[in-house]
Amino acid sequence: EGMNRLKADMVRFLGLGRKFITKVVGSVFTLFLTFMVAAFILVDTERVLSFWRSLVPKNYHTRYNDLLKSLDKGLNGVVRGQLMICLINGVLTFVGLLLIGVPFAFTLGLVAMVFSLIPIFGTILSSIPIVIMGLTISLSTGLLALAWILVIHFIEGNFLNPKIMGTSAQIHPAIIVFVLVTGEHMAGIAGALLAVPVYSILQTFFFFLKSMVDELEKDAVAVE
């Protein structure tokens, strides 16, 4: 009976591992496709913008340009805020691991900085090699490294991410947390990475349409 239970637990564990790996691979593939499409757009941005401008009547070109400026401002804020979080995360990781005595602290700090591109959840992924390297020294070193990563994760998730991203992208911190959790639930790692930029675009479109409706209402009142 004990052997059967052990075999069942092993099968269940392998099943969970396979699901996790499948989810990670799917998210990475989606992320790769997204970056590839973004690269094509960046290479030929002017032609893309000209195409969309040609679909807009000439008397609305001013509004179209205003919309593009608003989108550019919002997305620049998202990118600027996320890069700042990456830098802070990398520095905190490097300093902490250096003080704890974990080998390759600088390299692990760089890994943590890159993985921070994935808001909140990137810190969890980057903690795996850090803890492993800490355990090669001693159990206490590994536990201290894990504790430090958890502190950084707490600071990033509750203070840095909502505050910095909220200020840069002009999105309320509470909404940022909700958007990140929703994005991760719907599309995994890729969803968490793209959640805030997508929300920034939707928010810009919402305020743009709201301003148009307000102007139409004012014009209607003036005519009356």
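Presented here is an overview of the structure given in this document.

## Overview of the nonpolar core
Residues Leu97, Val102, Ala105, Leu108, Ile130, Ala145, Ile149 and Ile152 constitute the largest nonpolar core, which totals eight residues. Looking at this core, the elements that each hand over two or more residues are α4 (105–115) and α6 (139–169). Of all the elements, α6 adds the most residues to this core, at three residues. In contact with Ile152, other than residues within four places in its own chain, are Asn89, Leu92 and Thr93. If you look at the next biggest cluster of nonpolar residues, it comprises five residues, including Ile171, Ile176, Leu180 and Val196.

## So, the side chain of Thr141
Looking at the element boundaries, Thr141 is found in helix α6. The class of Thr141 is buried, set by a relative accessible area of 9%. For Thr141, the side chain forms a polar contact with the side chain of Ser138, separated by 2.8 Å. When sequence neighbours within four positions are dropped, the list of residues in contact with Thr141 reads Ile100, Val102 and Gly134.

## Topic: the packing of aromatic side chains
As enumerated under the stated definition, the model contains two aromatic pairs in all. Ring centres of Phe94 and Phe106 lie 5.9 Å apart, and the angle between their planes is 90°; this geometry places the pair in the edge-to-face category. Of this pair, Phe94 sits in helix α3 (residues 61–100) while Phe106 sits in helix α4, and the two are twelve residues apart along the sequence. With a centroid separation of 5.6 Å and an interplanar angle of 65°, the aromatic rings of Phe206 and Phe207 are classed as edge-to-face.

## Quick word on the packing of α3 against α4
Between α3 and α4, whose axes approach to 8 Å, the crossing angle comes to 155°. On the basis of the axis angle, α3 is roughly antiparallel to α4. Seen along the crossing, α3 lies across α4 with a hand that is right-handed. Of α4, the residues touching α3 (which contributes Cys86, Leu87, Asn89, Gly90, Thr93, Phe94, Leu97 and Leu98) are Ala105, Phe106, Leu108, Gly109, Ala112 and Met113. Residues of the contact of α3 with α4, tallied by class, amount to ten nonpolar, four polar and no charged.

## Describing a nonpolar patch on the surface
Together, Phe29, Phe32, Leu33, Met36 and Phe40 make up a nonpolar patch on the protein surface, roughly 520 Å² of accessible area in all. By relative accessible area, Phe40 is classed as exposed at 58%.

## So, the environment of Arg53
Here Arg53 lies in helix α2 (residues 45–54). Note: C-alpha distance between Arg53 and Asn65 (twelve residues apart in sequence) is 8.8 Å. Every residue in contact with Arg53, bar those within four places of it in the chain, is listed here: Glu46, His61, Tyr64, Asn65 and Leu68.

Parameters and conventions
- Residues numbered from 1 in each chain as written.
- Predicted model: local features only at pLDDT ≥ 70, side-chain atom pairs only at ≥ 80, totals over all residues.
- Heavy atoms only, no water.
- Core = buried A, V, L, I, M, F, W, Y, C linked by side-chain atoms within 4.5 Å.
- Buried < 20%, exposed > 50% of the residue type's maximum accessible area, 1.4 Å probe, protein only.
- Helix = DSSP H or I, 4+ residues; strand = E, 2+ residues; numbered from the N terminus.
- Contact = heavy atoms within 4.5 Å.
- Polar contact = N/O pair within 3.5 Å; in protein donor to acceptor, adjacent residues only side chain to side chain.
- Phe/Tyr/Trp six-rings, centres within 6.5 Å; stacked < 30°, edge-to-face > 60°.
- Axes fitted to C-alpha atoms, helices over the stretch in contact; angles between N-to-C directions.
- Parallel < 35°, antiparallel > 145°, perpendicular 65-115°, else oblique.
- Left-handed = near helix turned anticlockwise from the far one by under 90°.
- Nonpolar A, V, L, I, M, F, W, Y, C, P; charged D, E, K, R; others polar.
- Patch = residues over 30% accessible without salt bridge, like charges linked within 9 Å, V, L, I, M, F, W, Y side chains within 5 Å.
- Areas by Shrake-Rupley, 256 points an atom, 1.4 Å probe, with all protein chains shown as cover.
- Salt bridge = Lys/Arg side-chain N within 4 Å of Asp/Glu carboxyl O.

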